[in-house]
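Architecture and fold: a report
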Amino acid sequence: MPGYQQKLASRLQQVDQTIQKGPFAASWESLGHYQIPAWYLDAKFGIFIHWGVYSVPAFESEWYPRLMYLPGSAVYKHHIEVYGPQAKSGYKDFIAQFTASKFDAARWAQLFHDSGAKFVVPVGEHHDGFPMYDSDLTEYSAAKMGPHRDVVGELEKAVRSQGLNFGVSSHRAEHWFFFNGGTKFDSDVKDPQFSDFYGPAQSDGKPHKDPDKDRAELPNMPTKAYLDDWLARSAEIVDKYNPDLVWFDWWIERPAFKPYLQRFAAYYYDHNAARQQGAAINYKFNAFPANAAVLDIERGQEGDIRPIYWQTDTSISNKSWGYIEHDTFKTPEFILGMLADIVSKNGALLLNIGPDKEGVIPQQAQDILLAMGKWLAASGDAVYGTRPWKIYGEGPTKTAAGSFKDTDTKPYTPADIRFTTKNGMLYAIALATPADGLVHIKSLAKGAKYAPGAIANVSRLGSSQAATFEQTGSELTIHSAPGEASQYPVAFQISFKN
């Protein structure tokens, strides 16, 4: 690419010059003084967007570009059957079909606003190495090929016009190995003319039981040239779009990335500090120290209150993060129960949607988001701007804690209660609606360990009908309007006598 080295050097020089002038240095000690911005602590609910070239084949998952080069995989067989051998029809050939002809950033942003989300995080670059923004460091990007549009730039303007915060994710780290399967047989990955797109296609090594163990001795780990490119691309996103949040996927936990993570974090925090703009970085596992960024748990939750703010990322669909045909979807009541549980434990939910190749968000996903928005419009006081209470809640249903367990939790019942607090008020959210209108809360009985004292008033959020209550030595019983039993949560605001 003409001028690549000059552009790379210029970007890296800017990174280091900004760090020299800013409050944060490129060290864990300095980054340990990071403070999570108030907007993020208050937001609780955001939208993730996985959209890219992988939406063209729309088969199995957004990992299609890797799996199509792994002999024996279902995607490999599907690709040959539908498109022909990989030497003649490779992943790059889907780019021209990625038209985004119906992409309307303003329409998307309106939907996200109406869903009750407070921040939006499109994928800036996925593992496939095709930036959805206008990158100066590659010719392979949505601004120069396929849609010929700066998708991230359009979304940034539309999202901010709705009063929402804006973030960008980078999955660039995983590109180091993503296409390595194509180097082992006759495929277009081996063609030097496409090396700017497919490269480096190296080994990812074997997963290690201890992610903190130094693996520098292993071959084929990211080189300095690759890491410099990763840092420059990450900084480019910050420079061009001034994101409130930058999200990274798991592979940055490799030891080779650590000094680069420190430089990026210092640069990003210093860049936003100069703009008097809050900043947040999401990481997985042990890539960052806990006090230097915000932990993200993929498709999972915490079992109890985490003292430091955290986040779950999961998809509204069940099979894939990106668009595929015949996917299935979670229900709004399932997601709302998850949201209440996460918020009660000091977390946020980043919920993913996957538009199709033309830029259409599946109608099922739209309907779910609008149903969530309706609930949040009525009951959002129990969510937005809240903080954890003394305990997260009570009830018979145990939340499955850990990554990739978000669908392992059994359905919540009306006896599953989650607590939040704000401005001296306590909020109690029953994670399902009782058919008889009675909500029983043992943690708020007279004289209970955590009960603040006598209750002055209880009101049901989103209802014009009064909620009566009785506080005894065994429980607080709230008498709300009876109706059909459902899995939708019901939220109450509770005040106490002085």
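Per chain, residues are indexed from 1 in the order of the written sequence. In keeping with the predicted nature of the model, local features appear solely for residues at pLDDT of at least 70, side-chain atom pairs appear and are counted solely at 80 or more, and the whole-chain, interface and lining totals rest on all residues. Water and hydrogen atoms were dropped before computing side-chain values, which therefore reflect all heavy atoms in the structure.

So, helix H10 (residues 224-241)
Only DSSP runs of H or I with at least four residues qualify as helices, and only runs of E with at least two residues qualify as strands; both kinds are numbered from the N terminus onward. Under the convention used throughout, the expected extent of a helix is 1.5 Å for every residue step, that is, one less than its residue count. Its 18 residues place the ends of H10 26 Å apart at the C-alpha level, agreeing with the 26 Å of an ideal helix rising 1.5 Å per residue. Here the term buried applies to any residue with accessible area under 20% of the maximum for its type, exposed to any over 50%, and partly exposed to those in between, with areas from a 1.4 Å probe on protein chains only. With 15 of 18 residues buried, H10 is to be regarded as a mostly interior element.

Focus: the confidence of the model for the protein
Averaged over all residues, the pLDDT of the protein is 95; the fraction at 70 or higher stands at 96%. pLDDT measures how confident the predictor is about each residue, on a scale from 0 to 100. A contact between two residues is defined here by any heavy atoms of the two lying within 4.5 Å. Low pLDDT, under 50, characterises residues 208-218; the predicted model gives this stretch 14 contacts beyond four residues in sequence or across chains.

Topic: the environment of Ile308
Examined against the element boundaries, Ile308 turns out to sit in the loop between strand E6 (294-298) and strand E7 (310-315). Expressed as a C-alpha distance, the spacing of Ile308 and Asn272, which sit 36 residues apart in the sequence, is 21 Å. With residues up to four places along the chain from it excluded, the contact list for Ile308 reads Ile36, Ala290 and Asn346.

So, the sheet that holds strand E14 (residues 468-471)
The strand order across the open sheet built from 3 strands is E12-E15-E14, with neighbouring strands paired in antiparallel fashion. Bordering the open sheet on either side are strand E12 (438-441) and E14, each of which pairs with just one other strand. The average undirected angle you get between the axes of adjacent strands in this sheet is 15 degrees. Should DSSP find at least two bridges between two strands, the strands are regarded as paired. Fitting a line to C-alpha atoms yields each axis, with helices limited to the stretch in contact; the angle taken between N-to-C directions then spans 0 to 180 degrees.

Remarks on the packing of helix H12 (residues 332-344) against helix H13 (residues 363-379)
Contact geometry of H12 with H13 gives a least axis separation of 9 Å together with a crossing angle of 50 degrees. One element, H12, and the other, H13, form an angle in the oblique class. Between H12 and H13 lies a crossing of right-handed hand. On the side of H12, the interface is formed by Pro332, Ile335, Leu336 and Leu339, while H13 contributes Ile368, Ala371, Met372, Trp375 and Leu376. When the residues that make up the contact of H12 with H13 are grouped by side-chain class, the tally is 9 nonpolar, no polar and no charged. Note on angle classes: values under 35 degrees are labelled roughly parallel, values over 145 roughly antiparallel, values of 65 to 115 roughly perpendicular, and the remainder oblique. Helix crossings are classified by the rotation of the near helix relative to the far one: an anticlockwise turn of less than a right angle makes the crossing left-handed, while a clockwise turn makes it right-handed. Basically, the charged four are Asp, Glu, Lys and Arg, the nonpolar ten are Ala, Val, Leu, Ile, Met, Phe, Trp, Tyr, Cys and Pro, and anything else, Gly included, counts as polar.

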